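# Coordinates in review
The chain contents come next:
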Amino acid sequence: MTRLILGRLAEALAALLLMSLAIFLLSRVTGDPVALLLGDGATAEDRDLLIAQLRLDRPLWEQYLSFLGNALTGDFGQSVAAGRRDALELVLDRLPASLSLAAVALGFTLVTGIAMGVVAAITRGSAVDVFVRIVALLGQSVPAFWLGIVLIYVVAVHWGWLPTSGYGTPAHYVLPALTMGTFTLAAVTRLVRASMLDALGSEYIKLARIKGLPEATVILKHALSNSLIPVVTFMGAFFATMITGAVVVETVFAWPGIGRLAYESIVSRDFPVIQTVVLVITACFILANFCVDMLYLAIDPRMRDRG
Amino acid sequence: MQDHGYFRRSLAALAACAIAVPVIAQAQDDTLVVALPTFSEQTMTPWGGSGQRKTYLDTVYEYLVYLDAEGNTEPGLAESWTVENDGTKWTFTLRAGVSFSDESCGTVTAEDVKYSIERLIAEDSRAGPASTMRRIIDTVEAPDALTVVVNLSAPDFLLDAGYFGEAQQLGIVCKSYAEAQGEAVDTAPPVGTGAYVLERSVDGSEITMVRREGDHWRVDPQWERISFRAVPEEATRVAMLRAGEADIAPVNFDSIAGLEGAGIRIVSAEKTWSPVIRLGGVVQTDAERFNTELPWADRRVRQAMNYAIDKQAIIDELFAGQGTVANGDTPVAAWDSVPPYPYDPEKAKELLAEAGYPNGFDMVMKTFTTTPGAELPLMAEAAALYLAEVGINVTIEPTDWPSVRSEWTGGGKLDFAMTHRGFPFPNPENGVEAGFSTRSLFASFTSDELEAKLASLAAETDRAARREKLTEIGQYIRDEAGAIFMVLANEPYGVGADVGDWSIDTSYVYNFDRAGKAE
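This is a predicted model, so every value here is computed, not measured.

Rules used in this analysis
Residues numbered from 1 in each chain as written. Chains lettered and ligands numbered in written order. Predicted model: local features only at pLDDT ≥ 70, side-chain atom pairs only at ≥ 80, totals over all residues. Helix = DSSP H or I, 4+ residues; strand = E, 2+ residues; numbered from the N terminus. Buried ≥ 20, exposed ≤ 12 C-beta atoms within 10 Å, placed from the backbone. Rg over C-alpha atoms; globule rule 2.2 N^0.38 Å. Contact = placed C-beta atoms within 7 Å. Axes fitted to C-alpha atoms, helices over the stretch in contact; angles between N-to-C directions. Parallel < 35°, antiparallel > 145°, perpendicular 65-115°, else oblique. Nonpolar A, V, L, I, M, F, W, Y, C, P; charged D, E, K, R; others polar. Core = buried A, V, L, I, M, F, W, Y, C linked by C-beta atoms within 7 Å. Domains from an automatic or database assignment. Arc of directions from axis to C-beta. Pairing = 2+ DSSP bridges. pLDDT = per-residue confidence, 0-100.

### Examining the overall build of chain A
- Helix and strand counts for chain A come out as 14 helices and zero strands.
- If you list the helices and strands of chain A from N to C, you get α-α-α-α-α-α-α-α-α-α-α-α-α-α.
- Based on the C-alpha atoms only, the size of chain A along its principal axes is roughly 85 × 55 × 30 Å.
- A buried classification covers 44% of the 307 residues belonging to chain A.

Following this line, the structure appears as structure tokens:
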């Protein structure tokens, strides 16, 4: 176990380092913030002054090492586009909104996806099975942007059941979580269905039935628990994807999360914030996968022996 | 996985939350909700970022000079002012007894105004006009508590309506408060003389202002609160208007018909922005930026491009008729007498043939979406169709504003055109300089003759003569076809039923603190 944890930590540090270098270089490929910060009547002298103020006149390697050195002390620099606010503070202010939305969306995805997968598996070949699979397919095909707007107009504008957008109350979570979770729902449904079909055809399930156990116990206690292992494996990836891919949902629903911040900082070439957002997201991704590994160990005794 | 009872209870709780939570969908009765595309930097000082923040900052800060609906100056925090020394010395007499929202700041004094000016033009200021103001403002003096003297390095007869007016960024701050905040002042709660103070700010989401106690000297605010919401997606803003969650929101032209059908009225600020197509590489006074290989280096080709496009049809179809055919790249009152190019494709073909392009040529046009300006890519496509009819084959390259702006201001011989949106400058001379003066990084078209005209304008001390020279410059730029002048467009806002009187007269003057309540 100790070896596993130390190994994961080393991998995490290496991933963060590589990611910091990659995003440092990529963000500078499309330009810098200088042109955007200059007023319309600015001259070449104004531009040179601003470049010096932002310290963009240093060689790239010096800028990177300076960033890295400061990052190790928790200083990720000041935002160029948001009033010189601390970049890490800016990102951490927005992170709870993204994490909470992703958690709710993941909860919706898991609850609904598992239920649908189980129903599809136990009614295999029937109209119900076909219907569930079509719904799952639609969920994966429909663009989040379109789905979000349609939900706003139907549920919020015409029915008036929920707010159109914004952040702050439980009601605000429903539509964006539904929009965000729908795509992943299809994947969870198909995973659970396939695993359940595997499990339901196995010898230990036959034995359980022979022993006279109630069908509900056979399905929910014995078959389902083993079918969830693939879902757990992907949970980390699902969660991280929901955080990182949330820019469309956050824009449509005016959700003040990290996805929108990432987009806004890229558009304004706010290098410190871009770098900080990517590193924080990478850390979230690594942490999510680490948690999955630990969860895996907890639910599958075979992994403990190997670990 | 053993306790199915817990699982069932969790499911039930989730369902209950989803269904039973009360809908907080309606705007509060005494809160004016304004849905905006962006808060820009969301900082709280006049010098802390762009003019887009004036939407919320102008409820807190006030200006020396205000403008009426016709653009004439009105006293603000300055009760009166004089200009002398041929436009290089301005003396402002402040209104006595205007208190800041923080009691420790007392009332506005000349020191507060001096400090506000100096911070706005400081080298670390992020305000849009900072660099140009820094060039013309020499010194600022405060000879007594209510007198401010501004000495300029060059004449500016429109300092009051321009840089020091409410359409620009010189909001007056409390010097002692700002100094006490130090570096944190950009994000600290703002202290101004406006009718509102900051109640709550959620990064990227909401800024709510609450009305100050007592009467205000300038406005009679009807709403107890003004809550600004950052809603980047226009379809969502429209939904908020229709659901009653927002009272005011900027909308696209193609949403107007649907909103009016749903009982939402439209208030338009007239001629507040001008979609234009700028032709790169014609900075004729700078060898580094003048691309002589371009077809449009020839004036006849530029004129042909203007004749070739039916701009009125584009206004009718893409801007819902809300605009006029442009005679320049920004709305300038002194240019009202300058006639726009008529739609004349035959004339366009003649000019192209004369210039040596009887079969037209190929070109690249870069376009992007911005706010306002979701119509720019559509305008580019429409323009391309008209240009194709006279033989000019346009390849449209979708891009983003930061990339194209970097390229445009990076120097070098540009070889493409770009759609752009111009805004009216309160002092139009500043706008002309930004677009057509050699020293401006943003200039797209210059010439020796234009530089001479601009220099003559700058040196002119007679007001009437200045206006004539400005008109002459407008006519020259039009005749030289310094750009493809497209539209002087309105900026539509959807306004909900709870809002009474509210108008927006010019760019960057929002009047949210003056919005009335419907009876």
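### So, the overall build of chain B
- Looking only at helices and strands, chain B features 15 helices and 20 strands.
- In summary, chain B has a C-alpha radius of gyration of 25 Å against a globular reference of 24 Å for 519 residues, a match within 12%.
- With respect to the three principal axes, the spread of C-alpha positions in chain B is 80 × 75 × 50 Å.
- Split into buried and exposed, the 519 residues of chain B put 53% on the buried side.
- Across chain B, every contact between residues at least 6 apart in sequence was considered, and the portion connecting residues at least 24 apart equals 70%.

### Describing the packing of helix 5 (residues 87–122) of chain A against helix 12 (residues 258–267) of chain A
All names here are of chain A.
- Two elements in contact, helix 5 and helix 12, have axes separated by 8 Å at closest approach and are oriented at 135°. Here helix 5 lies oblique to helix 12, going by the angle between them. On helix 12, the residues that touch Val91, Arg94, Leu95 and Ser98 of helix 5 are Ile258, Gly259 and Leu261.
- For the contact of helix 5 with helix 12, the per-class residue count stands at four nonpolar, two polar and one charged.

### Some words on the interface of chain B and chain A
- Taken together, the contact pairs 54 residues of chain B with 53 residues of chain A.
- At the level of secondary structure, the elements contributing two or more residues to the side of chain B that touches chain A comprise helix 1 (4–20), helix 4 (130–136), strand 10 (225–230), helix 6 (234–243), helix 12 (401–409) and helix 13 (428–436) of chain B.
- No other element matches helix 6 of chain B, which puts six residues into the side of chain B that touches chain A.
- Classifying every residue of the side of chain B that touches chain A gives 23 nonpolar, 17 polar and 14 charged.

### Things to note about the nonpolar core
- In terms of nonpolar packing, the biggest core is built from 235 residues, with Leu101(A), Val277(A), Val34(B) and Ile484(B) touching the most fellow members.
- Of the residues forming this core, the biggest block, 17 residues, is contributed by helix 5 of chain A.
- If we ignore the near neighbours within four places in the chain, the residues touching Ile484(B) are Val276(B), Ile277(B), Leu279(B), Met305(B), Asn306(B), Ile309(B) and Ala383(B).

### Quick look at the domain arrangement of chain B
Residues and elements named next belong to chain B.
- One can read the domain layout of chain B as domain 1 (25–34 + 199–264 + 496–519), domain 2 (61–193) and domain 3 (270–490).
- Taken together, the 15 residues of domain 2 in the interface contact nine residues of domain 3.
- Looking at the side of domain 2 that touches domain 3 residue by residue, the classes come out as seven nonpolar, six polar and two charged.

### Some thoughts on helix 9 (residues 311–318) of chain B
All names here are of chain B.
- The set of residues buried in helix 9 consists of Lys311, Ile314, Ile315 and Leu318. Angularly, the buried residues of helix 9 cover 100° about the axis, an arc narrow enough to put them on a single face.
- In this structure, the buried side of helix 9 is in contact with strand 14 (323–325), helix 11 (376–389) and strand 20 (487–495).
- At the exit of helix 9 stands Ala320, carrying a positive phi of roughly 50°.

### Concerning the pairing of strand 20 of chain B
All names here are of chain B.
- By the criterion of burial, strand 20 is predominantly enclosed, with nine of the nine residues buried.
- Burial along strand 20 is two-sided: the residues Val487, Ala489, Glu491, Tyr493 and Val495 and Leu488, Asn490, Pro492 and Gly494 are all buried.
- Direction of pairing for strand 11 (residues 248–250) relative to strand 20: antiparallel, over a ladder of three bridges. When the bridges of strand 20 are listed, Ile248 appears paired with Val495.
- Judged from the six bridges that link them, strand 12 (residues 265–279) and strand 20 form a sheet pairing that is antiparallel. When the bridges of strand 20 are listed, Arg265 appears paired with Val495.
- For strand 14 and strand 20, the ladder comprises three bridges, and the chain directions are antiparallel. Directly across from Thr324, in strand 20, lies its bridge partner Leu488.

### Some details on the domain arrangement of chain A
- We note that the domain assignment places domain 1 (2–74) and domain 2 (94–267) within chain A.
- One C-alpha centre belongs to domain 1 of chain A, the other to domain 2 of chain A, and the line joining them spans 36 Å.

### Regarding the pairing of strand 5 (residues 89–94) of chain B
Residue and element names in this part refer to chain B.
- The two faces of strand 5 differ: Trp90, Phe92 and Leu94 on one face are buried, but Lys89, Thr91 and Thr93 on the other face are not.
- In terms of strand pairing, strand 4 (residues 78–84) meets strand 5 through six bridges, oriented antiparallel. Each residue of the ladder has a partner; that of Glu84, found in strand 5, is Lys89.
- Hairpin connection between strand 4 and strand 5: a loop of four residues separates the two successive antiparallel strands, and Asn85 in this loop has a positive phi of roughly 55°.
- Across five bridges, the pairing between strand 5 and strand 7 (residues 147–152) is antiparallel. By the bridge assignment for strand 7, Thr91 is matched with Val149.

### Some points on the sheet that holds strand 7 of chain B
Residues and elements named next belong to chain B.
- One open sheet holds the four strands; their spatial order is 4-5-7-6, and the pairing between them is antiparallel. Two strands bound the open sheet, and with one partner strand each, they are strand 4 and strand 6 (137–144). Pairwise comparison of adjacent strand axes, ignoring direction, gives a mean angle of 20° for this sheet.
- Of the strands in this sheet, strand 5, strand 6 and strand 7 are in contact with helix 3 (residues 110–121), which crosses strand 6 at around 165°.

### Remarks on unusual backbone geometry
- The backbone of Arg269(A) sits at a positive phi, close to 55°, despite the residue not being glycine.
- Tracing the chain through its elements places Arg269(A) in the loop between helix 12 and helix 13 (271–299).

### Thoughts on the confidence of the model for chain B
Residues and elements named next belong to chain B.
- Put simply, chain B has an average pLDDT of 90, and 93% of its residues get 70 or more.
- Throughout residues 1–27 the model reports pLDDT below 50, and contacts reaching past four residues in sequence, or to other chains, amount to 31 contacts.
- Scored by ipTM, the complex comes to 0.86, with pTM at 0.88.

### Concerning the environment of Asp501(B)
- With respect to the helices and strands, Asp501(B) occurs in the segment after strand 20.
- Put simply, Asp501(B) and Leu159(B) are 342 residues apart on the chain and 30 Å apart in space, counted from C-alpha to C-alpha.

### Side note on the environment of Val149(B)
Residue and element names in this part refer to chain B.
- Position of Val149 relative to the elements: it lies in strand 7.
- Taking C-alpha positions, Val149 is 9.1 Å from Ala110, a pair spaced 39 residues apart along the chain.
- Apart from the residues lying within four places of it in its own chain, the contact partners of Val149 are Lys89, Thr91, Glu141 and Pro143.

### Re the confidence of the model for chain A
- Mean pLDDT for chain A: 85, with 96% of residues reaching 70 or above.
- Per-element averaging of pLDDT across chain A places helix 14 (residues 301–306) of chain A at the bottom with 60 and helix 7 (residues 144–158) of chain A at the top with 95.

### Quick word on the environment of Glu199(B)
All names here are of chain B.
- Its location among the elements puts Glu199 in strand 8 (residues 196–202).
- A tally of 14 C-beta atoms within 10 Å means that Glu199 is categorised as partly exposed.
- Residues contacting Glu199, with those up to four places away along its chain left out, are Thr208, Met209, Val210 and Arg225.

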